[in-house]
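This is what each chain is made of:
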Amino acid sequence: MTRHFLRDDDLTAEEQTLVLQRALELKAAPFSRRPLEGPRTVSVVFDKPTLRTQVSFAGAISQLGGLPLVVDGNLAQIGTRESIADVARVLGPQSAAIVWRTHGQDRIEEMARYAGVPVVNALTDEFHPCQILADLLTVLEHKGSLKGLTLAYVGDGANNMAHSYLLGCALAGMHVRIGTPPSHQPDAAILARAQEIAAEQGGSATVHADAAQAVAGADAVVTDTWVSMGMEEQKGDRQGADSPFVPYAVTEELMAGADADALFLHCLPAYRGFEVVSAVIDGPQSVVWDEAENRLHAQKALLSFLLEGPA
Ligand code: NVA
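Residues numbered from 1 in each chain as written. Predicted model: local features only at pLDDT ≥ 70, side-chain atom pairs only at ≥ 80, totals over all residues. Heavy atoms only, no water.

With respect to the pattern of salt bridges
In the structure shown here, the tally under the stated rule is twelve salt bridges. Between Glu196 and Arg193 there is a salt bridge, and its shortest N-O distance comes to 2.6 Å. Of this pair, Glu196 and Arg193 are both found in helix α8 (residues 188–201), three residues apart, which corresponds to roughly one turn of the helix. Using a relative accessible area of 43% as the deciding quantity, one classes Glu196 as partly exposed. Classification of Arg193 as partly exposed rests on a relative accessible area of 29%. Through salt bridges with shared partners, a single ionic network connects Arg7, Asp9, Arg193 and Glu196. (Salt bridge = Lys/Arg side-chain N within 4 Å of Asp/Glu carboxyl O. Helix = DSSP H or I, 4+ residues; strand = E, 2+ residues; numbered from the N terminus. Buried < 20%, exposed > 50% of the residue type's maximum accessible area, 1.4 Å probe, protein only.)

Below, the structure is given as structure tokens:
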């Protein structure tokens with residue numbers, strides 16, 4: 001059966017652990033697995049801007065022995081010039097896997113239905129699961145384990161990062177807290193699914209209107225831009241002085257309420273002075289550059305798992 005990674009819970013808890021373990025192994029021995037030897041092509045398609053994702057997937061695919069083929073989704077006009085199903089039927093037979101950054105989750109689900117090869121979500125409006133693998137890898141490296149740790153995400157609780165933290169951290173057996181205004185609550189079905197997974201894995205998933213309460217004693221504090229890709233016309237409202245997110249900015253004061261050894265993470269790009277102040281993101285608790293590099297290692301492990309399986 002072709003395995004896809006369209007959302008965080010497409011991996012079981014055991015499989016997530018295996019992928020993170022494999023990422024550590026590949027980080028230590030970068031050329032030890034070559035499932036794409038040939039080279040076989042992996043199509044990496046972008047309908048939205050990218051820096052880290054393009055570089056890290058290109059590196060990951062190359063190091064696994066393959067050829068990363070970056071496709072400009074806006075040139076291809078997927079779903080407009082031709083249907084997603086037809087694009088899948090063209091890319092699938094010529095690709096060992098398809099990696100896609102796009103808009104709605106329905107688009108990547110349709111790609112997966114018709115591609116016949118593994119499809120990987122490189123960010124949709126709803127989820128960013130590859131980023132969460134990199135974040136979990138980063139916390140694991142710095143803290144030694146994940147189970148029982150608390151991760152607090154503050155900011156836009158309705159965006160792709162919030163949703164993926166809910167599912168991904170719950171799978172890892174962590175306590176995940178979302179600090180967000182009542183106007184930007186996570187999707188109810190995703191929150192319920194995270195709570196269900198958390199109950200199985202010994203963690204929890206909660207939403208807090210009070211940022212300080214969300215962050216209190218946390219082992220990791222994370223945030224994300226208040227203006228996700230595709231929301232550019234809302235920039236004034238989301239970053240203005242009256243933005244509902246202002247109380248959720250990661251300041252030194254907010255950070256002081258977390259555990260004294262708390263890590264700070266941010267998927268980047270970061271907007272200093274909005275969702276995080278320079279003193280935090282450029283300060284001693286910040287691990288954002290490790291986190292950015294870990295995209296490479298986590299995605300290599302994920303591709304290896306999808307192509308080679310657990311062994
Ligand atoms: N929420 C952000 C994440 C960027 C990596 C966005 O969708 O733009």
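Moving on from the model shown.
A few points about the site of the ligand
Around the ligand sit Leu123, His128, Asn159, Asn160, Asp224, Thr225, Ser228, Met229, Cys267 and Leu268, and that is every residue in its neighbourhood. Here a nitrogen atom of the ligand and a side-chain polar atom of Asn160 are 2.8 Å apart. With respect to the ligand, the side chain of Asp224 contributes an N or O atom lying 2.6 Å from a nitrogen atom. Computed on the free molecule, the ligand has an accessible area of 270 Å², of which 95% lies beneath the protein chains in the complex. (Near = heavy atom within 4 Å. Polar contact = N/O pair within 3.5 Å; in protein donor to acceptor, adjacent residues only side chain to side chain. Areas by Shrake-Rupley, 256 points an atom, 1.4 Å probe, with all protein chains shown as cover.)

Focus: the sheet that holds strand β2 (residues 67–72)
One open sheet holds the four strands; their spatial order is β2-β1-β3-β4, and the pairing between them is parallel. Of all strands in the sheet, those with a lone pairing partner are β2 and β4 (119–121), marking the two edges. Strand-to-strand twist across the sheet, computed as the mean angle between neighbouring axes with direction ignored, equals 20 degrees. Pairing geometry for strand β1 (residues 41–46) and β2, over six bridges, is parallel. Among the inter-strand pairings, Thr41 is bridged to a residue of β2, identified as Leu67. (Pairing = 2+ DSSP bridges. Axes fitted to C-alpha atoms, helices over the stretch in contact; angles between N-to-C directions.)

Some thoughts on the nonpolar core
Core analysis: the biggest nonpolar cluster contains 62 residues, and Phe57, Leu151, Tyr165 and Leu302 have the highest contact counts within it. In this view, Leu302 contacts Phe5, Leu11, Val19, Val120, Cys130 and Leu133; residues no more than four positions away in its chain are not counted. In this structure, Ala152, Ala211, Val250 and Val288 belong to the second largest nonpolar core, which totals 20 residues. (Core = buried A, V, L, I, M, F, W, Y, C linked by side-chain atoms within 4.5 Å. Contact = heavy atoms within 4.5 Å.)

As for the packing of aromatic side chains
Taken as a whole, this structure holds two aromatic pairs when the rule is applied. Seen in terms of ring centroids, Tyr153 and Tyr165 are 5.6 Å apart; in terms of plane orientation they differ by 40 degrees. Their pairing is tilted. Note that Tyr153 is positioned in strand β5 (residues 150–154) and Tyr165 in helix α7 (residues 160–171), a separation of twelve residues in sequence. Under the relative-accessibility criterion, Tyr153 is labelled buried at 0%. (Phe/Tyr/Trp six-rings, centres within 6.5 Å; stacked < 30°, edge-to-face > 60°.)

A closer look at the sheet that holds strand β7 (residues 204–208)
Strand order in the open sheet formed by five strands is β7-β6-β5-β8-β9, and the pairing between neighbours is parallel. Where the open sheet ends on each side, the last strands, each with one partner, are β7 and β9 (263–266). Ignoring strand direction, the axes of neighbouring strands in this sheet form an average angle of 20 degrees. Set on the sheet, helix α6 (residues 129–143) makes contact with β8 (220–223) and β9; between it and β9 the angle comes to about 160 degrees.

Digging into helix α4 (residues 84–94)
Within the span of α4, buried status applies to Ile84, Ala85, Val87, Ala88, Leu91 and Gly92. Projected down its long axis, α4 shows its buried positions confined to an angular sector of 150 degrees, all on one face. Exposed side of α4, more than 90 degrees from the buried face: Pro93 and Gln94 are the residues found there. Structurally, α4 contributes buried residues whose contacts are with β1, β3 (97–101) and α5 (105–115). (Arc of directions from axis to C-beta.)

Examining the pairing of β1
Within β1, five of the six residues are buried, leaving the element largely enclosed by the surrounding structure. For the crossover from β1 across helix α2 (residues 52–63) to β2, the handedness is right-handed. Note that β1 and β3 share five bridges and pair parallel. Pairing of Val45 across the sheet is with Trp100, part of β3. (Right-handed = clockwise from strand over helix to strand, strands pointing away.)

Notes on the packing of helix α1 (residues 13–28) against helix α13 (residues 288–308)
Viewed as axis vectors pointing N to C, α1 and α13 meet at an angle of 120 degrees, and their least axial separation amounts to 8 Å. By the angle class used here, α1 and α13 are oblique. Helix-helix and strand crossings are classified by hand; for α1 and α13 the assignment is right-handed. Where α1 approaches α13, its residues Glu15, Leu18, Val19, Arg22, Ala23, Leu26 and Lys27 are matched on the opposing element by Glu293, Asn294, His297, Ala298, Lys300, Ala301, Leu302, Ser304, Phe305 and Glu308. (Parallel < 35°, antiparallel > 145°, perpendicular 65-115°, else oblique. Left-handed = near helix turned anticlockwise from the far one by under 90°.)

Quick notes on the environment of Ala97
One can find Ala97 in strand β3. Along the sequence, Ala97 and Leu26 sit 71 residues apart, while their C-alpha atoms lie 19 Å from each other. Excluding its chain neighbours within four sequence positions, the residues that come into contact with Ala97 are Thr41, Val42, Ser43, Val117, Pro118 and Leu303.

Observations regarding the environment of Pro181
Tracing the chain through its elements places Pro181 in the loop between β6 (175–179) and α8. Taking the C-alpha atoms as reference, Pro181 lies 15 Å from Met161; in sequence the two are 20 residues apart. If near-sequence neighbours (up to four positions away) are discounted, Pro181 is found in contact with Gly155, Pro244, Phe245 and Tyr248.

Shape descriptors only; they carry no functional weight alone.
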